[in-house]
Amino acid sequence: MISEWIGRGVSALALAAALSPLGTAGAQEMDNAARFGALESILDVSLSPDGNRLAFIDQGKQRQRRLYIVETREGAEPRQILSSDGGSAGNLSWCGWVTNARLACQTFARDDVAGDVLAATNIVAIDAAGGNLKVLSNRRSDRSLYADYRGGSVIDWSSTDNGSLLMTRSYVPEGNTGTRIASRAEGLGVDRVDSVSGAGRRVEAANRDAIHYLSDGHGNVRVMATQGFTSSTGQFDPTINFSYRPKEGGGWKSLSQTDVVTDEGFKPAAVDAATNRVYGFQKIGGRKAVVAMALDGTGATSTIYAHPEVDVDNIIRIGRNGRIVGVSYATDQRKAVMTDAPLAKLTNALSKALDGRQVVIVDASADESRYLVRAESDTDPGAYYLFTPKAGELRPLLVSREPLSNTTLSPVKAVTYPAADGTKVPGYLTLPPGRSDAKGLPAIVMPHGGPSARDEWGFDWLAQYFAQSGYAVLQPNYRGSSGYGDAWYQNNGFQSWKIAVGDIADGGRWLVSAQGADPAKLSIVGWSYGGYAALQSGVLAPDLFKAIVAIAPVTDLQQLKDEESRQGAGRINAKFIGSGPHIREGSPAQNAAAIKAPVLMFHGSFDQNVEIAQSRTMRRALEDKAKRVELIEYPELSHSLEAGEARADMLRKISAFLPH
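Let us look at the structure shown here. (Residues numbered from 1 in each chain as written. Predicted model: local features only at pLDDT ≥ 70, side-chain atom pairs only at ≥ 80, totals over all residues. Heavy atoms only, no water.)

### So, the environment of Gly251
With respect to the helices and strands, the residue Gly251 is situated in the loop between strand 15 (235–244) and strand 16 (253–259). Gly251 sits in the partly exposed class, given a relative accessible area of 45%. Residues Gly251 and Arg150 lie 101 residues apart in sequence; the distance between their C-alpha atoms is 26 Å. Residue contacts for Gly251: discarding those within four places in its chain leaves Tyr244, Arg245 and Pro246. (Helix = DSSP H or I, 4+ residues; strand = E, 2+ residues; numbered from the N terminus. Buried < 20%, exposed > 50% of the residue type's maximum accessible area, 1.4 Å probe, protein only. Contact = heavy atoms within 4.5 Å.)

In structure tokens:
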């Protein structure tokens, strides 16, 4: 019985407490802000091809990340082979096994260059024993005619017996002064790169307009995506064109197009070599569905899965060949539809054995005799297990958030509430531990970011922190959210801000009228677009919320358009934001006089999603109107404030600010 697999000897690989710089005793001494603000203990985990070793990235203090290797046998001890600290050399993002003896990792770095925050990535390789560190990305030449910081990506891990990878590489033409060997290659191409020597062999010539490629999981590049770029304006075209290469080879042929703003058209995502088709996403009845398109020139399509209420937004793949095994979508909770019958049976049984937790297969050995599994729920931030079907063993390995291991978390309940026009708005309600209702409680409405996003059932560190602090927390999937189809999405949360922010404000009214929350202690907290919505709710409903917290918010839509015009996606974002009266009416910085509640804002200086100038503009606008406002800036942090110390500091300041 699968239910008997749990508890067949907890492995010494339950390492998170030992790896934490605080240790278990130190974790007990942490306050809630430090406990919930801490980053995930484990950033990334992968299983070696033979299934005998794990590689995982542990996140420590001060943005430090460490790569460990450990055998999967009982009693094995982890060994650190690489570390990064987020400095000029960047930080580790992920690592995967090339062979049983070699890994490839991505590093990511940000810096302020002449007032612009720029990012760079690289792919590096290292021995599992440590040493022989090689950069696999194309080296940037001093003769390059311009800067290109794209380090490329691995698109195929399958042909690894010789230690090579199929990966994209970025090429920049070189000046030829003083040399006859200047490279003229330009754009994104595909190379087969030896992970030991770093030498590359061209597989697909660089294309100036290429933005990514898809392989069939067996070493063959089958799909190319291109996006036009106008040099005179420095802007990308809103349309992405997809081409395919026939199975027998030959030149590229037209496949499909998608519009970046409207999401119309067929967007390829994964090639199925066995059926010579590419799986992708296409709208059916105004909702995203998974569709397969033949790669034989006929353009024939078949619907793999469509849902009548929500978007089907994920294709599930497994193994080193990226085998397609199912799809998933989110209604009240995320659900998987497995097209592989044995895996469907396996994941269902594992979920049952793990008390109904959501189960995801993270990785597998090359022969799929062992699986790396992640399980999580609303009250469980997540844990990793090694599953060996033949032995009937499910062994605990690592916990995602060690500081929360002994903390009782709150169940998350799916709810609906009425908007002013009678529309039922879905959302999630989290109450303090042990509470069954919100009567008399202080309450928070917490709109999600995006706006092209949605909240899902599961663990949320912000919502759980506020619930732990005694608040009822509502996370509304207001109109303007993605995931529910075109009719719900409206014209997005900026162009349709009155509907989106109106739904959010109605969520606050519902907390008071239907749930009994204390109207004198009703607040709103939002991040990114959620921060925008929090501020704009103070314009739309100035007497409703008694405190406003905005983290990395958009505050002025015209300023946003001007900022984006300096970037390559400016034309796309201008189309997304739109033009008309909503630019002024929907900008909280342009309507600061209407805001009555005190405002607290947070922003990282290296934010590439929303420039810190947006928060500074809002602060000036509120100060000019003699409003109460404070802006906390975190140097060299990005949009997500990816440092546990900064997040803990932010939580403490929010707690001191909110009515309670």
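There's plenty left to go through after this.
### With respect to the state of the cysteines
Scanning the entire structure with this criterion turns up one disulfide. Note on cysteine connectivity: Cys95 is disulfide-linked to Cys105, with sulfurs 2.1 Å apart. Around the S-S axis, the bridge from Cys95 to Cys105 shows a dihedral of about 110° and counts as right-handed. Of this pair, Cys95 sits in strand 5 (residues 91–99) while Cys105 sits in strand 6 (residues 102–113), placing them 10 residues apart in sequence. Cys105 matches Cys95 in its accessibility class, with the two residues each being buried. (Disulfide = S-S within 2.5 Å.)

### Digging into the pairing of strand 10 (residues 164–171)
Across the eight residues that make up strand 10, a large majority, eight, are buried. Neither face of strand 10 is exposed, since Ser164, Leu166, Thr168 and Ser170 on one face and Leu165, Met167, Arg169 and Tyr171 on the opposite face are all buried. Note: strand 9 (residues 154–156) against strand 10, two bridges, orientation antiparallel. Pairing of Val154 across the sheet is with Met167, part of strand 10. Relative to strand 11 (residues 187–194), strand 10 runs antiparallel, the two sharing eight bridges. (Pairing = 2+ DSSP bridges.)

### Some remarks on a nonpolar patch on the surface
Among the surface-exposed residues, Val113, Leu118 and Tyr149 lie close enough to one another that they form a single nonpolar patch of about 230 Å² accessible area. With respect to the element layout, Val113 can be found in strand 6. Here Val113 falls in the partly exposed class, since its relative accessible area comes to 40%. (Patch = residues over 30% accessible without salt bridge, like charges linked within 9 Å, V, L, I, M, F, W, Y side chains within 5 Å. Areas by Shrake-Rupley, 256 points an atom, 1.4 Å probe, with all protein chains shown as cover. Salt bridge = Lys/Arg side-chain N within 4 Å of Asp/Glu carboxyl O.)

### A few points about the side chain of Asn91
In this structure, Asn91 sits in strand 5. Judged by relative accessible area, which is 8%, Asn91 ranks as buried. Here the side chain of Asn91 touches Arg63 through a polar contact of 2.8 Å, landing on its backbone oxygen. With residues up to four places along the chain from it excluded, the contact list for Asn91 reads Arg63, Arg65, Ser84, Asp85, Gly86, Gln106, Thr107 and Phe108. (Polar contact = N/O pair within 3.5 Å; in protein donor to acceptor, adjacent residues only side chain to side chain.)

Any functional reading would require information beyond the geometric quantities listed.
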